[in-house]
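Residues per chain, in single letters:
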Amino acid sequence: MATVLEHDVPERAYRLPPSELAASLGTDLETGLSSEKVRTLLAQYGRNELPEEAPTPLWKRFLAQFQNFLVIILLVAAVISVGIALFQHEESAEKFLDAGAIFAIVLLNAVFGVVQESRAENALRALRKMAAPNARVIRDGHVQTVPAPELVPGDLVLIEAGNYVPADLRLVESVNLRIDESALTGESVPVEKRAAEVFQDRVPIGDRVNSAFMGTLVTYGRGKGIVVATGPRTQLGLIAQMLRSYEAEPTPLQLKLDQLGRYLGIASLAICAVVFALGVLRRQHPLEMFMTAVSLAIAAVPEGLPAVVTVCLALGTQRMLRRHALIRNLPTVETLGSATVICSDKTGTLTQNEMTVVKAWTLGTTYSVEGRGYQPWGQITARGEEVTPRTHPALAGVLLGGLLCNDARLEKVEGEGETRYRMVGDPTEGALVVLAAKAGLWAHEVEKALPRVAEIPFDSHRKRMTTIHAWAGENLQLPFFAASPYLAFTKGAPDLVLEQCNRILDGGQVRPLTDADRQAVLEAMDGMAGDALRVLAVACRELPDVPTEPRAEDVERDGVFLGLVGMIDPPRPEVREAIRRARQAGIKTIMITGDHKRTAMAIASDLHMFTPGLQGLTGEELDRMDDSEFLPLAPVVDVYARVSPQHKVRIVDALKAQGHIVAMTGDGVNDAPALKRADIGVAMGITGTDVAKEAADMVLTDDNYASIVAAVEEGRVIFSNIRKFVFYLLSCNVGEILIVLLATLMNLPALPFLPIHLLMLNLVTDGFPALALGMEPAEPGIMERPPRPPKEPIIHREMWWGIGVQSVLITVSTLAAFLIGLFVFPGAVDEKKIVHAQTFAFTTLVISELFRALTARSERASLFRLGLFSNKTMLWAIGSSLAIILAIIYIPFLDPVFKMTWLTGADWLLIVPLTLIPAVGAEATKAVLRRQEARKASFATAMAAADGGEDAGPDQGTSV
């Protein structure tokens, strides 16, 4: 059977009727596969994904660590040291120890580099898997959303406009279905698909109109198909034309850091060359000075910076995912910290996306609907009395139209002790299904009487959807149109549906639509919108037959207006606070919706979206403005209502022209241009189409506005942490260079460090503490600062001053320790005293840099405000580094390697105060900066008061 399924069926699928194909694949055209069979087939065929490029072997990544120019020089120096040892027999053991220690530390650095790269690669691989598209399938008789890689042959897949086809399918149902197959066949025009077609002979891929192929794009309509091939067995897999594996390109931030590291590296090498030259001129041993200079260069150049940055970015994006924001492109992390405007959809993003009809209207009657959510419980009342479709024919028309012109499904979910229902499909359509169910009209019963025979799908230009139904002999007791063989139901935007109607249902009778009727509809619509309800209209038309190719302009005209429904989608409870936090962070929130303006303004007012005052603009008003009129208004408008996806692009362009960094949300196919144009494109993970997700930089897994604000906060945290460890590394590394340079210029009896000390220093201070800084949690007030200017350098002027202060303090404390060890203690300066002084200097430098890592956790906040235990990773890193240093000092068999001496309690009493000097200096510097900022804020407040005080508060809401 496996051979038949794998090779024969995919080639014959387009020549088989759907029923025969389903039988050969062991599936059912109504209920799909069972979960048990899916598990069996998944084990048999493997995952539905194209083979990825094999990862670089571990040994290659390990060897790559030795391709660094400075490391090569160090290894050459070690080899030279071994060569000299062979000729200097009296020092051979010591030289071999030196060389062995150098090799060991270089090896440890290489291992550390491989571990860092592996962590980054694993994190990125996890993100790629999380970003894999989903597919809607029918399994066990229920519509489910599953990861596309878990599809198997025989699965029943649902596709619609905006989806990428997740596997090779034999279509069994198609409704106005068109698919862009240009990526596969080169044909630029979307192909119209016909599921009913059965071919007798072999035809090329481009002519298989009853099939859909993996990786192609559904541009219009909807369909259902049986999976006939997955993964490498698909047409895409066979010809490998759309294999698009992730390329780990450096982010702009990494490029900036790489450039910074290159400049610092050149400067460090130049200084090291000066140190070497000065040492030789002062008659010091050339080999020793060469080794010292190379070791200093390795310690001074932050060669581990790119790996730490990658790990920081990758781990940060995983933290974002836990807050429901999936980052698809790493550069987005950098941009998030600069965002100044968030343009957000209303439905489902600012609101709960659980629509509930609370009002209905027919000519002369307003109905109230009880109940909330998707449970079909609640009465429909008029003037305080319960009504039914049988007693109110006009209401019956509205309920039937909303139920039949609908693709959502209400499914029963058996729970413990109670029956619950869940909605599958669009929330707005789901609300109409629930409304009908409350009146006793259930889809599976009504569809038997009026089965759907054709449809014209919704599109964003028409803002309408139409379905055509045939009478099947069942009696629904509809007095209107009962004699017509076909009925076309239309639902959509009230004003646009009303335009297409010339009649109205009055009670149980159809009559011509008058101007007074139109005015009554518009007043009812405005009244519902004023109550923050989303309003839809329902209309119908009798048809003598079904057009071969139904067109909206033919079917939707001359309709009968049935009535209105008003539904509410309450704001998410967490959104109001998220908007407040965004405003506090200097980020303006703009609502963009296709809803009526009054509805949008009411919701926006409830969410306190004033900055100050609430100003709204409709798509129609926007169309009447040229760019010169619109550009000044773009930053002050809070609500855009009745807009199309094309308007979103214009809004983004206008905001960017005003210098804003814009995040734009979207979920539809037509939203893709705006998502691409925005600085940060945000797609909806639940309701969003595959096209929107592909165009976006970030996907919200919960479709929640609050997750955007959380992502902005995480983006700020990540960039801030990167800046912190760059600040930390540079201040320490510059200090190390200054220590050796000044010691050389002072013509001291020896240098404060041996080459092995500098290499060990690089290992214990540049690695663990720097990584721990990258994992620092958000510091207090990070969302109270204005957005970071996008062109601001990583190291700004204040930080350069801070680096200067810290490097000087580190130099002073370390040289002081070295000089104390040389000259304060009694006795002549001999080899033993030099070793003691070098131990003093090395210990002081390492511990002062570890304390410096603690103070580097914030550029402004004091260590006491942050709390010593708020970053446990930092405590672990410092503890590990201290353990290594103490082992070097106190374990006897390491003495010949590191040439350290035992430190007494009296020694520590001298060392500890010196190690605290840089940390105390850092905290003092932060205190000065805080005082300066407080003075600036006080001055700004005084100036604002002098100009008339702050704004008195929001107004009642205006229209631009």
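Residues numbered from 1 in each chain as written. Predicted model: local features only at pLDDT ≥ 70, side-chain atom pairs only at ≥ 80, totals over all residues. Heavy atoms only, no water.

Novice: I'm lost on the overall build of the protein in this one. Help?
Specialist: Per the secondary structure count, the protein includes 34 helices and 29 strands. Evaluated residue by residue, the protein yields a buried proportion of 53% over its 960 residues. By sequence separation, contacts in the protein at least 24 residues apart represent 72% of the contacts at least 6 residues apart. Roughly 40,700 Å² of accessible area belongs to the protein as shown, and the carbon and sulfur atoms make up 58% of that amount. (Helix = DSSP H or I, 4+ residues; strand = E, 2+ residues; numbered from the N terminus. Buried < 20%, exposed > 50% of the residue type's maximum accessible area, 1.4 Å probe, protein only. Contact = heavy atoms within 4.5 Å. Areas by Shrake-Rupley, 256 points an atom, 1.4 Å probe, with all protein chains shown as cover.)

Novice: Can you help me understand unusual backbone geometry in this one?
Specialist: Only a minority of non-glycine residues have a phi that is not negative, and only a minority of peptide bonds are not trans. You will see that Lys-463, though not glycine, has its phi angle at about 55°, which is positive. Its location among the elements puts Lys-463 in the loop between β16 (452-459) and β17 (464-470). Phi at Lys-899 is positive, roughly 55°, even though this residue is not glycine. Counting through the fold element by element, Lys-899 comes out in the loop between α33 (895-898) and α34 (905-946). Judged by its relative accessible area of 19%, Lys-899 falls in the buried class.

Novice: Explain the nonpolar core to me, please; I cannot follow it from the model alone.
Specialist: As a rule of thumb, nonpolar side chains are buried together in soluble globular proteins. Formed by 109 residues in total, the largest nonpolar core has its most connected members in Met-698, Tyr-705 and Phe-725. A total of 20 residues in this core trace back to one element, the largest contributor, which is helix α26 (residues 705-745). In terms of nonpolar packing, the next biggest core, distinct from the first, is built from 42 residues, Val-369, Leu-395, Ala-431 and Leu-505 among them. (Core = buried A, V, L, I, M, F, W, Y, C linked by side-chain atoms within 4.5 Å.)

Novice: Sorry if this is basic, but what is going on with the pattern of salt bridges here?
Specialist: Close approach of charged atoms lets side chains of opposite charge pair. For the coordinates displayed, the defined rule picks out 41 salt bridges. Here Arg-319 and Glu-714 are joined by a salt bridge, their closest N and O atoms 3.3 Å apart. Remark: Glu-714 occurs in helix α26 and Arg-319 occurs in helix α11 (residues 305-322); sequence separation between them is 395 residues. By relative accessible area, which is 19% here, Arg-319 ends up buried. Classification of Glu-714 as buried rests on a relative accessible area of 9%. A salt bridge links Arg-323 to Glu-714; its shortest N-O distance comes to 3.3 Å. Placement of the pair is Arg-323 in the loop between α11 and β8 (325-327) and Glu-714 in helix α26, with a sequence separation of 391 residues. (Salt bridge = Lys/Arg side-chain N within 4 Å of Asp/Glu carboxyl O.)

Novice: Before we go on, may I ask you to explain helix α3 (residues 35-45) in this structure?
Specialist: Two residues of an α-helix separated by three or four positions point the same way, owing to the 3.6 residues in each turn. Within α3, burial applies to Val-38, Leu-41 and Tyr-45. Down the axis of α3, the buried set is contained in an arc of 70°. They therefore lie on one face. For α3, the exposed residues lying more than 90 degrees away from the buried face are Glu-36, Arg-39 and Ala-43. Taken from the residues just after α3, Gly-46 is the one with a positive phi, measuring 85°. (Arc of directions from axis to C-beta.)

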